[in-house]
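In case you want the letters, here they are:
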Amino acid sequence: MKIPNHGLFPDDAANRKLLSLVHPDNWQNPSPSPCYNLVVLGAGSAGLISAIATASLGGRVALVERHLMGGDCLHTGCVPSKSLIRSARVAADLKRAGDFGLSPQSGVRKEDFSRIMERLRNIRADIGENDAAARYRDLGVDVFLGEGMFTGPDTLDVAGQTLRFKKAVIATGASAVPPPIPGLKETGFLDNETLFFLTERPEDLLVIGGGPIGCEMAQAFARLGSRVSLVQDTRLLPQESAEVSRLMTEVLEEEGIQLYTDASILKAEELPDGRKSLVLNHGGQEIRLDAETLLVAAGRKPRVEGLGLEKAGVRYNTKQGILVDDFLRTSNKRIYGAGDCCMAWKFTHAADASAQIAVQNALFMGRKRVSRLLMPWCTYTDPEVAHVGMGEREAETLGIEVETFTFPMEENDRAKTEGEKKGFVSVMVKRGSDRILGATMVSSHAGESIGIFTTAMAAGMGLGALASVIHPYPTQAEAIRRAAGLYRKSRLTPRIAALLRGWLDMARKY
Ligand SMILES: Cc1cc2nc3c(=O)[nH]c(=O)nc-3n(C[C@H](O)[C@H](O)[C@H](O)COP(=O)(O)OP(=O)(O)OC[C@H]3O[C@@H](n4cnc5c(N)ncnc54)[C@H](O)[C@@H]3O)c2cc1C
């Protein structure tokens, strides 16, 4: 079978190694089993977990991938973006060397950028070993490389072979969708699928989109020395509270990024010298921006087209993707969905959790529900923004009265020693109880620390109990105890305070 060249760019040792792992040139698809317990369409995070879970339980499983095993997370999402962000953090620390008592360091040079991208590609090739086709084959998964398409309610064709299944999981993910801006397509732009192909630093970068990916990449490129402007049609990080948006606006502006929030883009065009230009309406004024490179980091849509879903009797639409119930079952009871193609939460850990639910429900008549999942998330800007549970808006919509306790990071000793000035821990409880409904953390490693709230919420631990948990000093986790301490303090009624004072007065006398 001839496998098309899945050209990762550039053609260097790291990308060749990666390709040899996740889409080997000489790959031979196996002869299909007469019938599989599970056929999995798509080998991104959700598909890989579905396949490995089934094989490890002794099931016959086929995994079908048309492009690169590992999907978005490994190739065009989490792994490359977080590798780039790490280099950008080092650059930001070097720039602030004077704040830490060191001699001022030179900024990032243009030629450093190609080594930074080389590091990224090496990390990706290294992590790629986990997702290698041969590794999955050796673990008992029948790996088929090729475009998969349902041909009936219990059959799927790939590379000229038909796979029969008792159950199937669709895990085809999501892809970037450019916003409907006149002239955008003709202007030419990068998105997450092409951004990490860069080998030279853009002198200036125009980012469309102020969600997690837009903010992360705008900050990273600014730290690596590009002049960055960002255009967003609402406030930054609109899925977070207004306080988080304000803080992120301050952070990005202080780092020299030109922000145009609540702006509408009227058109895009390529200038005669090849520069990309956007015309926007910002605060009632028409503004023209131009840059060497345009990055579109707005909008993702589930991959549902060309999968033969009609033949399989699976309902879908282009916005929500594969339509599933709380058990992740589609309209064809044999077929389940997992990951970005059907979930509102588009994260790797959500893809993983949903795959586990789909496999249990599909193979073992399980009754696991998506609505029971407690899903934390994190935006890897600096400071990071992490959240779990409800936000105030959601509580209001549900008519739940809440109390919120907030502790500023600038009062945390570890943040002081780290030179961190911005951030907070905020936790929301149901009014009159210590039941934690949600929490937000903004700090340098909020993505790690939010796990404390997630664990407490999953275990049904109240905020009162969380106030008694001891953390090493000095850590940012202590800020969680302090926020919980504010809750405890709020429970100190004037009567209890008077009783305690009386007791202490008495103790001095006798
Ligand atoms: C820039 C960026 C940064 C991100 N950062 C983070 C982060 O830090 N943390 C986080 O949790 N999430 C992050 N995400 C989101 C995360 O990458 C996705 O949520 C996750 O990869 C979804 O996994 P999935 O398995 O559902 O889909 P995918 O990873 O997209 O996998 C789907 C697979 O299906 C294959 N496929 C599709 N159609 C067919 C077909 N017909 N036949 C065969 N194969 C097919 C595709 O080729 C693909 O390999 C980021 C995303 C982006 C874009």
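Note that the coordinates shown come from a computational prediction; the quantities given were computed from them, not determined experimentally.

Some points on the pattern of salt bridges
Then step 1. Applying the stated criterion across every chain yields a total of 33 salt bridges.
Then step 2. Ionic pairing is found between E111 and R109, a salt bridge with its closest N-O pair at 3.7 Å.
Then step 3. Residue D290 pairs with R275 through a salt bridge whose shortest N-O separation is 2.7 Å. Separated by 15 residues along the polypeptide, D290 in strand β13 (residues 285-291) and R275 in the loop between β11 (263-270) and β12 (276-282) bring together distant segments of the chain.
Then step 4. Bridged by salt links that share partners, the residues R89, R223, E255, D382 and E384 form one connected network.

Some remarks on the pairing of strand β6 (residues 161-170)
Then step 1. Here strand β1 (residues 36-41) pairs with β6 via five bridges, running parallel. By the bridge assignment for β6, V39 is matched with A168.
Then step 2. In this structure, strand β5 (residues 155-158) lies alongside β6, joined through four bridges in antiparallel fashion. Paired with D157 across the two strands is T162, which belongs to β6.
Then step 3. The antiparallel hairpin formed by β5 and β6 contains two residues in its connecting segment, where A159 sits at a positive phi of about 45°.
Then step 4. Pairing geometry for β6 and strand β18 (residues 335-337), over three bridges, is parallel. Residue pairing across strands places I170 opposite G337, the latter belonging to β18.

A closer look at the packing of helix α2 (residues 45-56) against helix α11 (residues 348-364)
Then step 1. One can describe the packing of α2 onto α11 by two numbers: an axis separation of 8 Å at closest approach and a directional angle of 40°. On the basis of the axis angle, α2 is oblique to α11. Between α2 and α11 lies a crossing whose hand is right-handed. Only T348, A351, D352, A355, Q356, V359 and L363 of α11 make contact with α2, whose side of the interface consists of S45, A46, I49, S50, A53 and T54.
Then step 2. Along the lines of polarity and charge, the residues of the contact of α2 with α11 split into seven nonpolar, five polar and one charged.

Notes on the UniProt feature "domain: FAD/NAD(P)-binding" (unreviewed entry) in the protein chain
Then step 1. With numbering aligned to this structure, UniProt lists the feature "domain: FAD/NAD(P)-binding" (unreviewed entry) at residues 36-353.
Then step 2. Secondary structure within residues 36-353 divides into 31% helix and 27% strand; the distance between the first and last C-alpha atoms comes to 22 Å.

Concerning a nonpolar patch on the surface
Then step 1. A contiguous nonpolar surface patch, about 560 Å² in accessible area, is contributed by W503, L504, M506 and Y510.
Then step 2. Structurally, the position occupied by Y510 is in the segment after α17 (494-509).

What about the UniProt feature "domain: Pyridine nucleotide-disulphide oxidoreductase dimerisation" (unreviewed entry) in the protein chain?
Then step 1. Residues annotated in UniProt with the feature "domain: Pyridine nucleotide-disulphide oxidoreductase dimerisation" (unreviewed entry) correspond here to residues 375-483.
Then step 2. In residues 375-483, helix accounts for 32% and strand for 28%; the two terminal C-alpha atoms are 21 Å from one another.

Considering the pairing of strand β22 (residues 424-430)
Then step 1. For β22, the tally of buried residues reaches six of seven residues, placing the bulk of the element in the interior.
Then step 2. Summarising the sheet, strand β21 (residues 402-408) and β22 pair through seven bridges and their orientation is antiparallel. Among the inter-strand pairings, T404 is bridged to a residue of β22, identified as M428.
Then step 3. The pairing of β22 with strand β23 (residues 436-443) spans six bridges and is classified as antiparallel. Residue pairing in the sheet places F424 in a bridge with V442 of β23.
Then step 4. In textbook terms, the turn of a hairpin is the stretch between consecutive antiparallel strands, and for β22 and β23 this stretch comprises five residues, one of which, G432, has a positive phi near 85°.

What to know about the sheet that holds β12
Then step 1. In spatial order, the strands read β11-β12-β13; together these three strands make up an open sheet with antiparallel pairing. Each edge of the sheet is formed by a strand with only one pairing partner; in this case those strands are β11 and β13. Averaged over neighbouring strand pairs, the angle between their axes works out to 20° when direction is ignored.
Then step 2. Pairing between β12 and β13: seven bridges, direction antiparallel.

Thoughts on the packing of aromatic side chains
Then step 1. Tallied over the full model, the rule gives five aromatic pairs.
Then step 2. Arranged with centres 5.7 Å apart and planes meeting at 85°, the rings of F405 and Y487 form a pair that is edge-to-face. A residue pair is termed long-range when its members are at least 10 positions apart, and F405 in strand β21 and Y487 in helix α16 (residues 478-490) qualify at 82 residues. By the burial criterion, F405 is buried, and Y487 matches it.

A few points about the sheet that holds strand β8 (residues 204-208)
Then step 1. Across the sheet, which stays open at both edges, the four strands sit in the order β10-β9-β8-β14 with parallel pairing between neighbours. The two strands at the open ends of the sheet, each matched to only one other strand, are β10 (258-260) and β14 (293-296). The average undirected angle you get between the axes of adjacent strands in this sheet is 15°.
Then step 2. Sheet analysis places strand β9 (residues 227-231) next to β10, joined by three bridges and oriented parallel. Each bridged residue has a counterpart across the sheet, and for S229 the counterpart in β10 is Q258.

Quick notes on α16
Then step 1. An ideal rise of 1.5 Å per residue puts 18 Å on 13 residues; α16 measures up with 19 Å between its terminal C-alpha atoms.
Then step 2. Turning to α16, its buried residues are E478, A479, I480, A483, A484 and Y487.
Then step 3. Looking at the buried side of α16, the elements it contacts are β21, β22, β23, α14 (446-458) and α15 (463-466).

Quick word on the layout of surface pockets
Then step 1. Approximately 1,000 Å³ is the volume found for the second largest pocket.
Then step 2. Lining the second largest pocket are 39 residues; nearest its centre among them are A92, R96, R223, E255 and D382.
Then step 3. Looking at the lining of the second largest pocket, the elements with two or more residues in it are α4 (78-95), α5 (112-128), α8 (212-223), β9 and α9 (242-254).
Then step 4. Looking at the lining of the second largest pocket, the element that brings in the most residues is α4, giving nine residues.
Then step 5. Within the lining of the second largest pocket, the residues separate by chemical class into twelve nonpolar, ten polar and 17 charged.

Concerning empty space enclosed by the protein
Then step 1. In this structure the tally under the stated criterion is one cavity of 30 Å³ or more.
Then step 2. Computed from the structure, the largest cavity encloses a volume of approximately 50 Å³.
Then step 3. In this structure, the largest cavity is lined by I85, A88, R89, E216, Q219, A220, R223, Y380, T381 and D382.
Then step 4. Looking at the lining of the largest cavity, the elements with two or more residues in it are α4 and α8.
Then step 5. Element by element, the count of residues in the lining of the largest cavity is highest for α8, at four residues.

What counts and what doesn't
- Residue numbers run consecutively from 1 along every chain, following the written order of its sequence.
- Owing to the predicted nature of the model, reporting of local features is limited to residues with pLDDT of at least 70; listing and counting of side-chain atom pairs is limited to 80 or more, with chain, interface and lining totals taken over all residues.
- Side-chain calculation: all heavy atoms of the structure are included, whereas hydrogens and water are not.
- In the sections that follow, a salt bridge refers to a side-chain nitrogen of Lys or Arg positioned within 4 Å of a carboxyl oxygen of Asp or Glu.
- Helix numbering and strand numbering both begin at the N terminus, where a helix is a DSSP run of H or I of at least 4 residues and a strand a DSSP run of E of at least 2.
- Pairing between strands requires that DSSP locate at least two bridges from one strand to the other.
- The angle between two axes is taken between their N-to-C directions and runs from 0 to 180 degrees, where each axis is a line fitted to C-alpha atoms and a helix contributes only its stretch in contact.
- Comment on the angle field: the value is read as roughly parallel under 35 degrees, roughly antiparallel over 145, roughly perpendicular from 65 to 115, and oblique elsewhere.
- We call a crossing left-handed when the near helix sits turned anticlockwise from the far one by less than a right angle, and right-handed when that turn is clockwise.
- For this analysis, residues touch if any pair of their heavy atoms sits within 4.5 Å.
- For this classification, the nonpolar set comprises Ala, Val, Leu, Ile, Met, Phe, Trp, Tyr, Cys and Pro, the charged set comprises Asp, Glu, Lys and Arg, and every other residue, Gly included, is treated as polar.
- UniProt positions are given in the numbering used here, feature names are shortened, and annotations may be inferred rather than shown by experiment.
- Patch members must show over 30% relative accessible area and no salt bridge, and they are joined within 9 Å when carrying like charges or within 5 Å when they are nonpolar side chains of Val, Leu, Ile, Met, Phe, Trp or Tyr.
- For every accessible area listed, the method is Shrake-Rupley and the probe measures 1.4 Å; residues are considered covered only by the protein chains on display.
- Type-normalised accessible area, obtained with a 1.4 Å probe on protein chains alone, sets the label of each residue: buried when under 20%, exposed when over 50%, and partly exposed for intermediate values.
- Any two rings among Phe, Tyr and Trp, with Trp reduced to its six-membered ring, count as a pair given centres within 6.5 Å; such a pair is stacked if its planes are under 30 degrees apart, edge-to-face if over 60, and tilted if neither.
- The span you would expect from a helix comes to 1.5 Å times its residue count less one.
- Site definitions follow a grid-based scheme: protein atoms alone, a 1 Å grid, a 1.4 Å probe that fits but cannot get out for cavities, and for pockets an open set with protein on both sides within 12 Å along at least five of seven lines, plus lining residues having an atom within 4 Å of a point.
- Grid points are joined across faces, edges and corners, and a volume is the space filled by probe spheres set on the points.

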